[in-house]
Amino acid sequence: MSASSNEQKLLEVENLAVEFDTYGGVVKAVRGVDFAVDQGETLAIVGESGCGKSVTVQSIMGLIPMPPGRITEGSARLRGHEVLGRNAIDGKDIRGSEIGMIFQDPMTSLNPTMTIGDQIAEPLQVHRGYSYQDAFKEAVNLLEMSKIPEAAKRAKQYPFEFSGGMLQRAMIAMALSCKPSILIADEPTTALDVTIQAQILDLMQDLQKETGMAIILITHDLGVVARMADEVAVMYAGKVVEHGTVDDVFYRSAHPYTVGLKDAMPNNDRELQHELKPIEGSPPDLFSPPVGCGYCPRCPHAMNICENRHPIDYFLGDHHFSRCWLHAEQVTEKPVSLYVREHN
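Residues numbered from 1 in each chain as written. Predicted model: local features only at pLDDT ≥ 70, side-chain atom pairs only at ≥ 80, totals over all residues. Heavy atoms only, no water.

Caption draft 1: Spatial organisation of the nonpolar core. If you look at the biggest cluster of nonpolar residues, it comprises 103 residues, and the most contacted ones within it are F35, L143, I182, I184, I216, V225 and V232. Looking at this core element by element, the count peaks at 7 residues for helix α6 (residues 164–175). If we ignore the near neighbours within four places in the chain, the residues touching I216 are L11, F35, V37, L43, I45, V57, I182, L183, I184 and A185. (Core = buried A, V, L, I, M, F, W, Y, C linked by side-chain atoms within 4.5 Å. Buried < 20%, exposed > 50% of the residue type's maximum accessible area, 1.4 Å probe, protein only. Helix = DSSP H or I, 4+ residues; strand = E, 2+ residues; numbered from the N terminus. Contact = heavy atoms within 4.5 Å.)

Right under this line is the structure:
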């Protein structure tokens with residue numbers, strides 16, 4: 001979020017908190033998440049598995065089962081209209097029509113008993129009132145737009161007849177069928193080889209230019225982030241620990257966790273190659289979230305205050321903040337790896 005800008009964004013999420021009841025207790029999966037995205041922008045939400053990335057966006061779309069899940073706090077406004085109210089999300093108001101979603105594994109997200117064309121046509125019939133013939137014709141056009149060859153033939157085939165890359169393109173076609181304002185891509189290239197990954201990312205960028213939609217990209221791959229994103233939210237243990245432009249996060253990293261993620265990335269540049277440094281330890285137990293900073297047990301720069309008090313937001317620019325006590329004025333020795341704004 002911005003420290004100075006108050007204009008209304010296409011989607012604004014504030015203080016979102018999500019819990020799940022389990023046999024072992026209550027899991028506090030998302031703990032006060034804030035972000036915003038505007039038309040034509042790409043926001044990447046980055047973090048390790050289990051940090052709350054997917055739960056955050058699924059709760060906005062009404063896709064988490066209730067029970068055992070529940071949204072305990074927060075607001076999500078689409079064009080200023082609250083979408084987390086009891087009657088706001090009923091399957092038609094938001095999903096598909098306003099927000100489309102590409103799920104993580106297309107091989108298990110498509111119905112094996114329906115043809116690809118029928119599955120793409122169905123949202124058009126439900127949300128837009130198309131006849132079956134018109135919807136199927138539009139499904140073929142969407143497959144062509146997704147750069148699937150022989151689209152008319154492919155629309156009559158079943159998912160098992162498609163390769164992984166083609167299934168992902170079909171998922172993109174389905175997500176875009178109702179011309180949503182926002183496309184959520186949850187790990188859209190995880191199961192694909194490198195060549196197909198590049199093609200899918202190029203396709204998403206081309207479609208964004210054509211339609212002007214916003215993209216929320218859920219990923220743990222910083223290479224994909226560098227290629228796609230305008231802004232980046234780094235999540236850890238259910239919270240956003242750093243937020244900024246893609247240049248801020250990559251070249252002015254202000255949180256030790258972000259620095260750790262970067263150090264763990266492989267690099268092909270010989271001048272920049274170094275030994276990969278994994279982040280030691282494990283994320284905290286969200287059955288009983290830590291009182292202080294969640295990254296404290298794994299942080300090489302942890303201080304006493306980190307364990308006992310949760311850090312406040314330190315703004316390093318209009319769109320760049322970090323939740324880390326190392327930015328406090330009282331801390332005189334700052335890690336050289338961390339970007340620090342000079343205090344006046």
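Right, picking up where we left off after that structure.
Caption draft 2: Seen up close, the side chain of D248. Relative to the helices and strands, D248 is located in helix α9 (residues 246–251). Each residue touching D248, except ones within four places of it in the same chain, is listed here: S253, H319 and H320.

Caption draft 3: View of the pairing of strand β9 (residues 231–236). Among the 6 residues that make up β9, 6 are buried, leaving the element largely enclosed by the rest of the structure. Judged by which residues are buried, β9 turns out to be covered on both faces: E231, A233 and M235 on one side and V232, V234 and Y236 on the other are all buried. Pairing analysis gives 4 bridges linking strand β3 (residues 42–46) to β9, with the strands arranged parallel. If you follow V46 over to β9, its bridge partner there is V234. Taken together, the 6 bridges between β9 and strand β10 (residues 239–245) define a ladder with antiparallel strand orientation. Counterpart to Y236 in the pairing with β10 is K239. Count of turn residues in the β9/β10 antiparallel hairpin: 2 residues, of which A237 carries a positive phi of about 55 degrees. (Pairing = 2+ DSSP bridges.)

Caption draft 4: Molecular detail of the sheet that holds strand β12 (residues 320–322). Reading across the sheet, the 8 strands line up as β6-β7-β8-β3-β9-β10-β12-β11 and stay open at both edges, with mixed pairing between neighbours. Across the chains shown, the open sheet's two edge strands, defined by having one partner strand only, are β6 (99–102) and β11 (314–317). Neighbour to neighbour, the strand axes of the sheet diverge by 20 degrees on average, direction disregarded. Pairing geometry for β11 and β12, over 3 bridges, is antiparallel. Within the sheet, the bridge partner assigned to F315 lies in β12 and is F321. Together, β6 and β7 (182–186) form the strand contacts of α6, whose direction differs from that of β6 by roughly 170 degrees. Sitting on the sheet, helix α10 (residues 256–263) is in contact with β3, β9 and β10, with an inclination near 100 degrees to β9. (Axes fitted to C-alpha atoms, helices over the stretch in contact; angles between N-to-C directions.)

Caption draft 5: Geometry of α6. Relative to the 16 Å expected for 12 residues at 1.5 Å per residue, α6 spans 17 Å between its end C-alpha atoms, a close match to the ideal helical length. Most of α6 sits out of view: 11 of its 12 residues are buried. Taken residue by residue, α6 has G164, G165, M166, L167, Q168, R169, A170, M171, I172, A173 and A175 as its buried positions. (Expected span 1.5 Å × (residues − 1).)

Caption draft 6: Summary view of the environment of A254. Note that A254 resides in the loop between α9 and α10. If we ignore the near neighbours within four places in the chain, the residues touching A254 are E242, L316, H320, S322, C324, H327, L338 and Y339.

Caption draft 7: Examining the sheet that holds strand β1 (residues 11–22) more closely. Strand order in this open sheet of 4 strands is β2-β1-β4-β5, and the pairing throughout is antiparallel. The open sheet has two edge strands with one neighbour each: β2 (25–37) and β5 (81–82). Note: strand β4 (residues 69–78) against β5, 2 bridges, orientation antiparallel. What sits directly across from R77, in β5, is E82. Seen against the sheet, helix α1 (residues 53–60) touches β1, β2 and β4 and runs at an angle of roughly 105 degrees to β1.

Caption draft 8: Representation of the environment of E144. Note that E144 resides in helix α4 (residues 132–145). E144 sits 10 residues away from R154 along the chain, and the two C-alpha atoms are 10.0 Å apart.

Caption draft 9: Focus on helix α7 (residues 194–211). A rise of 1.5 Å per residue sets the reference length of α7, with its 18 residues, at 26 Å; its end C-alpha atoms lie 26 Å apart and thus fit the reference within 8%. Residues of α7 that are buried make contact with β3, α4, α6, β7, β8 (214–219) and α8 (222–228). Where α7 terminates, the next one or two residues include G212, which has phi positive at roughly 75 degrees.

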